[in-house]
Amino acid sequence: MLIAGRASGPALVLDEALSFWGGFDPANGEIIDVHHPQRGCRVGGSILFIPESRGSAGTPGGIAETLRNGSGPLAFVLGERDVNIGVGVLVANRLYDLEVPVLEIDRARMVEIENGARVTIDFAGELLIEGDD
Amino acid sequence: MLAGKSGRAARFAMETVLAAARIDCAERLIDISFAHIDACFYNGRAHLDFVNFMLEAGARLAVPAWTNNGLVSLNDLTLRDPSQSREMREAHELMLAYVRLGCKPVWTCAPYQLPGRPGLGEHIVGSESNAVSFYNSVVGARTNKYGDYLDVCAAITGRVPDSKLHRDENRAAGLLFDVSGLAPRILGSDLFYHLLGHFVGRRSGHRVPAILGLRESCNEDDLKAISAAASSSGAVPLFHAIGITPEAPTLEAAFRGEAVPDSIEVTSADLNLARAELGGDLATPLAAIALGTPHFSYTEFERLVELLADRPVAPGIDFYLTTSRHVFDQARASGWTDRLENAGVRIITDTCTYFSPVINNLQGKVMTNSAKWAYYAPGMLPVQAVIGSLRECVESAVRGSVVLDSENLA
């Protein structure tokens with residue numbers, strides 16, 4: 001577990017990497033990258049699965065702002081360790097007294113997760129998916 | 001250190017640096033000597049909340065920290081006017097907050113053009129992508145591409161995780177671009193370096209590229225162009241130019257003694273394709289010229305003054321040039337800023353023209369000498385870009401329509 005916390009909500013599994021600066025509108029949580037297959041999708045209230053990170057110095061700010069105004073995900077589950085996402089979440093948790101966890105899981109496991117599946121993350125970092133054994 | 005007011009900010013900063021170290025799997029922290037701060041560039045209310053938290057908690061900087069571009073020009077508030085929107089007001093407030101935190105207000109994406117830059121092998125914090133690439137590649141300092149907040153936390157603690165490009169083993173080249181087959185007139189053009197950088201960024205993936213065959217006479221403006229272009233079209237925080245940059249006196253040194261695993265011969269067709277990708281549509285009429293992304297250097301000013309030769313910019317063409325206040329003062333002392341402004345060039349400091357919101361309703365066809373500007377601006381502003389050499393930009397500005405030099409890569 002990269003950042004500790006508990007969360008529960010529907011899975012939103014991104015098909016491709018996303019930059020949270022330029023490719024994302026932190027005012028409403030919408031994916032705006034014209035090259036992203038899930039353009040127009042809003043990440044608010046989801047457990048957000050991101051297969052691969054994409055770097056931009058502005059990513060932590062985009063993350064912190066979307067979490068501040070309530071348009072962001074409840075948790076981040078990453079296929080790759082990503083300092084920018086981790087720092088953005090850490091700062092938002094601290095400034096706004098939130099409990100948004102960040103986890104890393106195997107990418108092979110990530111591709112099996114269905115959009116909309118009910119996901120629960122406990123404080124130990126265990127990921128429980130509805131329908132999983 | 002853990003007690004009292006200054007302890008609270010320092011503790012939060014250290015917690016953040018340690019979390020980054022854990023995520024990066026770094027085994028230890030190392031000292032830095034300098035930080036270039038990007039968090040002063042506005043990206044929502046959270047940015048302001050962060051710096052205000054740090055100020056109220058009594059944060060002190062452990063190392064010299066210089067500011068990147070802001071969204072607002074403190075020298076000309078009318079460009080993006082703080083009285084006109086909440087965002088611009090907060091963007092302005094954010095910049096002033098970083099001055100209160102103790103940052104040196106240089107407001108530039110090309111801090112390496114200013115006196116007092118770090119030395120070879122020095123560990124620093126870079127954030128803006130072209131500056132990260134220039135510091136690593138041309139200066140030989142060592143930095144990862146630090147994001148917002150971690151840049152500030154590193155400056156407060158004076159420490160960063162010992163990971164990625166801070167470590168020798170991760171600085172070896174993994175891919176060779178060979179330009180030695182290109183004609184001398186191509187290698188001598190300033191546009192070449194922008195197009196090459198764009199191509200290298202596209203093709204490098206996560207590998208460190210090395211470039212073989214650049215002229216020994218290529219200067220820091222040319223290397224700035226490669227840094228900026230390659231980190232726009234791709235993620236290239238470090239490249240080696242064989243025989244030119246400090247960690248690559250030889251091919252063997254660039255690859256740290258390993259065999260060259262993969263190499264690409266760069267052709268004029270590759271460069272023409274790069275040029276087409278960066279705006280080849282010449283049909284619509286020219287509206288503006290945008291120079292200085294990254295910020296214009298003193299030597300670029302010198303060349304522009306020579307090329308323009310006091311001829312007036314054509315009526316109806318907006319000619320923008322962005323630079324740092326430091327370089328502006330140098331150019332003014334040489335009498336160049338007056339001459340350029342008299343010819344119709346608008347010189348802007350502290351910020352850039354490609355950021356949103358757009359300045360002065362800039363729209364339509366904009367010609368630039370910068371691959372970075374041409375890459376980003378059309379996605380952020382209601383503009384189409386066309387790229388040209390500095391001379392082509394100048395001739396187009398004077399003529400009032402796009403003029404390309406057929407001798408030059410086209």
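With respect to the domain arrangement of chain B
All names here are of chain B.
Item 1. The domain boundaries assigned to chain B delineate domain 1 (8-167), domain 2 (172-276) and domain 3 (279-399).
Item 2. Centre-to-centre, using C-alpha coordinates, domain 2 lies 25 Å away from domain 3.
Item 3. On the domain 3 side, the residues contacting the 15 residues of domain 2 number 20 residues.
Item 4. Both faces combined, the contact of domain 2 with domain 3 buries some 1300 Å², and carbon together with sulfur accounts for 49% of it.

Digging into helix H12 (residues 325-333) of chain B
Residues and elements named next belong to chain B.
Item 1. Every buried residue belonging to H12 is among Val-327, Phe-328 and Ala-331, and all of these are buried. The arc that holds the buried residues of H12, viewed along the axis, is 105 degrees, so those residues lie on one side.
Item 2. Against strand S9 (286-296), helix H11 (298-308), strand S10 (318-323), helix H13 (336-343) and strand S11 (345-349) lie the buried residues of H12.
Item 3. Taken from the residues just after H12, Gly-335 is the one with a positive phi, measuring 85 degrees.

A short note on the side chain of Lys365(B)
Item 1. In this fold, Lys365(B) is placed in strand S12 (residues 364-368).
Item 2. Those residues in contact with Lys365(B) that lie beyond four places of it in its chain are Asp281(B), Leu282(B), Thr284(B), Pro285(B), Leu286(B), Ala287(B), Ala288(B), Gln384(B), Ala385(B) and Val386(B).

With respect to the interface of chain A and chain B
Item 1. Between chain A and chain B, the contact holds 24 residues from the first and 28 residues from the second.
Item 2. Between chain A and chain B, the buried area comes to about 2200 Å², and carbon and sulfur atoms account for 66% of it.
Item 3. Our count for the chain A to chain B interface comes out at 1 salt bridge.
Item 4. For the salt bridge of Arg94(A) with Glu15(B), the shortest nitrogen-to-oxygen distance reads 3.1 Å.
Item 5. Inspection of the region where chain A meets chain B yields 9 residue pairs in polar contact (both at pLDDT 80 or more).
Item 6. If you list the elements that add at least two residues to the side of chain A that touches chain B, you get helix H1 (59-68) and helix H2 (83-96) of chain A.
Item 7. Top element by residues in the side of chain A that touches chain B is H2(A). It accounts for 9 residues.

So, the sheet that holds strand S8 (residues 263-265) of chain B
All names here are of chain B.
Item 1. Strand order across the open sheet formed by 4 strands is S7-S6-S5-S8, with parallel pairing between neighbours. Two strands lie at the open edges of the sheet, namely strand S7 (240-241) and S8, each paired on one side alone.
Item 2. Relative to S8, strand S5 (residues 175-178) runs parallel, the two sharing 3 bridges. What sits directly across from Asp-178, in S8, is Glu-265.

Remarks on the pattern of salt bridges
Residues and elements named next belong to chain B.
Item 1. One pass over the full model with this rule turns up 31 salt bridges over all chains.
Item 2. Among the ionic pairs, Asp-49 bridges to Arg-45, the shortest N-O distance being 3.0 Å. Of this pair, Asp-49 and Arg-45 are both found in helix H2 (residues 45-56), 4 residues apart, which corresponds to roughly one turn of the helix.
Item 3. For the salt bridge of Asp-310 with Arg-339, the shortest nitrogen-to-oxygen distance reads 2.9 Å. In this pair, Asp-310 sits in the loop between H11 and S10 while Arg-339 sits in helix H13, placing the two residues 29 residues apart along the sequence.
Item 4. Counted as one network, the salt bridges with shared partners bring together Arg-45, Asp-49, Arg-86, Glu-87 and Glu-90.

With respect to H13(B)
Item 1. Three or more residues of H13(B) are buried, namely Trp336(B), Thr337(B), Leu340(B) and Ala343(B). Along the axis of H13(B), the buried residues cluster in a sector spanning 130 degrees; they form a single face.

Focus: the pairing of strand S6 (residues 209-212) of chain B
Residue and element names in this part refer to chain B.
Item 1. Two elements, S5 and S6, share 4 bridges in a ladder whose sense is parallel. Directly across from Leu-175, in S6, lies its bridge partner Pro-209.
Item 2. For the crossover from S6 across helix H8 (residues 220-233) to S7, the handedness is right-handed.

Quick notes on the rules
- Residues numbered from 1 in each chain as written.
- Chains lettered and ligands numbered in written order.
- Predicted model: local features only at pLDDT ≥ 70, side-chain atom pairs only at ≥ 80, totals over all residues.
- Heavy atoms only, no water.
- Domains from an automatic or database assignment.
- Contact = heavy atoms within 4.5 Å.
- Buried area = accessible area lost by both parts, 1.4 Å probe.
- Buried < 20%, exposed > 50% of the residue type's maximum accessible area, 1.4 Å probe, protein only.
- Helix = DSSP H or I, 4+ residues; strand = E, 2+ residues; numbered from the N terminus.
- Arc of directions from axis to C-beta.
- Salt bridge = Lys/Arg side-chain N within 4 Å of Asp/Glu carboxyl O.
- Polar contact = N/O pair within 3.5 Å; in protein donor to acceptor, adjacent residues only side chain to side chain.
- Pairing = 2+ DSSP bridges.
- Right-handed = clockwise from strand over helix to strand, strands pointing away.

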